[in-house]
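Below, each chain spelled out in residue letters.
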Amino acid sequence: MGNEAKCVARIDGKKAEGKALLETGELIFRGAECRVKIVFADIRSVTAADGELRIKSKDGAFAFAVGAAAEKWRDKILYPKTRVEKLGVKAGLRVAVVGDVEKDFAKELRQSKAKIVADGAAGTEAVFLFVERNGDAGNIAKAARKIKGAMGLWVVYPKGKKEITEGDVLGAGRKAGLKDVKVVGFSATHTALKFVVPVEKR
């Protein structure tokens with residue numbers, strides 16, 4: 001089970017059926033008659049028991065019957081991965097960055113002890129391409145031509161913007177012959193979508 005589950009929730013003692021979604025920094029529950037957002041920073045305690053994720057926050061007490069995922073969700077709330085960990089970056093990984101990189105991310109890359117290399121450098125293992133508008137879709141095709149073997153291309157794009165949508169990014173990557181394999185919440189404003197060369201074409 002991933003980070004989304006249909007479940008029965010208890011919200012301050014009242015039951016509701018709906019869908020729970022565990023995001024990077026919050027848990028969202030959407031029911032037919034209610035919607036709850038629990039920000040991790042507001043959580044006072046979180047436990048897992050009998051297939052339920054039980055949370056106490058400044059706004060009340062909640063329980064979500066997510067079954068076998070309860071313990072995993074508890075651990076993700078208590079011990080969240082860093083951004084670079086979610087993106088698969090580790091010490092020694094050869095990484096290229098293209099476009100207007102976020103300063104905090106550049107700092108995190110350096111702290112991770114990844115090896116930052118020039119775009120197109122031999123042995124590159126991951127490329128992070130930052131796009132901001134639909135006109136940047138051509139840059140995805142350009143970057144895709146350099147992706148070889150098991151190398152990953154992460155396209156980082158803004159959330160909820162008409163200038164470039166998830167559909168634009170997916171379309172450009174697929175048109176270039178790549179396969180989308182993973183989505184990560186990059187920040188409050190951006191999403192990262194990973195493409196790779198299909199196994200049969202490597």
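Sequence positions are assigned chain by chain, starting from 1 and proceeding in written order. Totals for whole chains, interfaces and linings use every residue, but because this is a predicted model, local features are given only for residues with pLDDT of at least 70 and side-chain atom pairs only at 80 or more, for both listing and counting. To obtain the side-chain values, all non-hydrogen atoms of the structure were used and water was disregarded.

1. Some thoughts on the overall build of the protein
Worth spelling out the cut-off: Under the DSSP-based scheme used, a helix requires at least four consecutive residues in state H or I and a strand at least two consecutive residues in state E, with every element numbered from the N terminus. Burial status follows relative accessibility: with a 1.4 Å probe on protein chains alone, a residue under 20% of its type maximum counts as buried, one over 50% as exposed, and anything between as partly exposed. Contacts between residues were defined by any pair of non-hydrogen atoms, one from each residue, lying within 4.5 Å. Residue exposure ignores everything except the shown protein chains as possible cover, and the areas themselves are Shrake-Rupley values with a 1.4 Å probe.
Scanning the protein from terminus to terminus reveals five helices and 13 strands. Across its three principal axes, the protein shows a C-alpha extent of roughly 55 × 35 × 35 Å. A burial count over the protein gives 41% of its 202 residues as buried. Intrachain contacts of the protein at a sequence separation of at least 6 include 50% that bridge at least 24 residues. Accessible area for the protein stands at about 11,600 Å²; split by element, carbon and sulfur atoms hold 49% of it.

2. Description of the nonpolar core
Applied cut-off: Working definition of a nonpolar core: buried Ala, Val, Leu, Ile, Met, Phe, Trp, Tyr and Cys residues. They are joined through side-chain atoms within 4.5 Å.
Phe 29, Leu 53, Ile 55, Phe 64, Val 66, Trp 73 and Ile 77 are the most contacted members of the largest nonpolar core, which has 24 residues in total. Elements with a contribution of two residues or more to this core: β1 (4-11), β2 (14-22), β3 (26-31), β4 (35-39), β5 (43-49), β6 (52-57), β7 (60-65) and α1 (70-78). The biggest single contributor to this core is β1, with four residues. One finds Val 131, Ala 143, Ile 164 and Phe 195 within the second-largest nonpolar core, a separate group that totals 22 residues.

3. Some words on the pairing of strand β12 (residues 179-185)
Quick reminder of the rule: Only when DSSP finds a minimum of two bridges between them are two strands counted as paired.
The sheet contact formed by β12 and strand β13 (residues 190-196) spans six bridges and is antiparallel. Each bridged residue has a counterpart across the sheet, and for Val 183 the counterpart in β13 is Leu 193.

4. Some details on the sheet that holds β12
What counts is decided by this rule: As a rule, the C-alpha atoms of each element are fitted with a line to give its axis, helices using only the stretch in contact, and angles between N-to-C directions run from 0 to 180 degrees.
Strand order in the open sheet made by the six strands is β9-β8-β10-β11-β13-β12, with mixed pairing throughout. Each end of this open sheet is capped by a strand with a single partner; those strands are β9 (115-117) and β12. When strand polarity is set aside, the average angle formed by the axes of neighbouring strands in this sheet is 25 degrees. Inspection of the sheet shows strand β8 (residues 94-98) paired to strand β10 (residues 126-130) by four bridges, in the parallel sense. Paired with Ala 96 across the two strands is Val 127, which belongs to β10. Each of β10 and β11 (152-158) is contacted by helix α4 (residues 137-144), which is oriented at about 170 degrees to β11, the strand it contacts most.

5. Examining helix α3 (residues 103-111)
What counts is decided by this rule: In this context, the arc is that of the directions from the helix axis out to the C-beta atoms.
Every buried residue of α3 is listed here: Phe 105, Ala 106 and Leu 109. Along the axis of α3, the buried residues cluster in a sector spanning 100 degrees; they form a single face. Exposed positions of α3 whose direction lies more than 90 degrees from the buried face are Lys 103, Asp 104, Arg 110 and Gln 111. Looking at the buried side of α3, the elements it contacts are α2 (83-86), β8, β9 and β10.

6. Topic: the pattern of salt bridges
We apply this condition: Salt bridge, as applied in this entry: a Lys or Arg side-chain nitrogen positioned within 4 Å of an Asp or Glu carboxyl oxygen.
Overall, the coordinates contain eleven salt bridges when judged by the stated rule. For Asp 136, the salt bridge identified is with Arg 133, shortest N-O distance 3.6 Å. When its relative accessible area of 47% is taken as the criterion, Arg 133 is described as partly exposed. Connected through shared salt-bridge partners, Arg 10, Asp 50, Glu 52 and Arg 54 make up one network.

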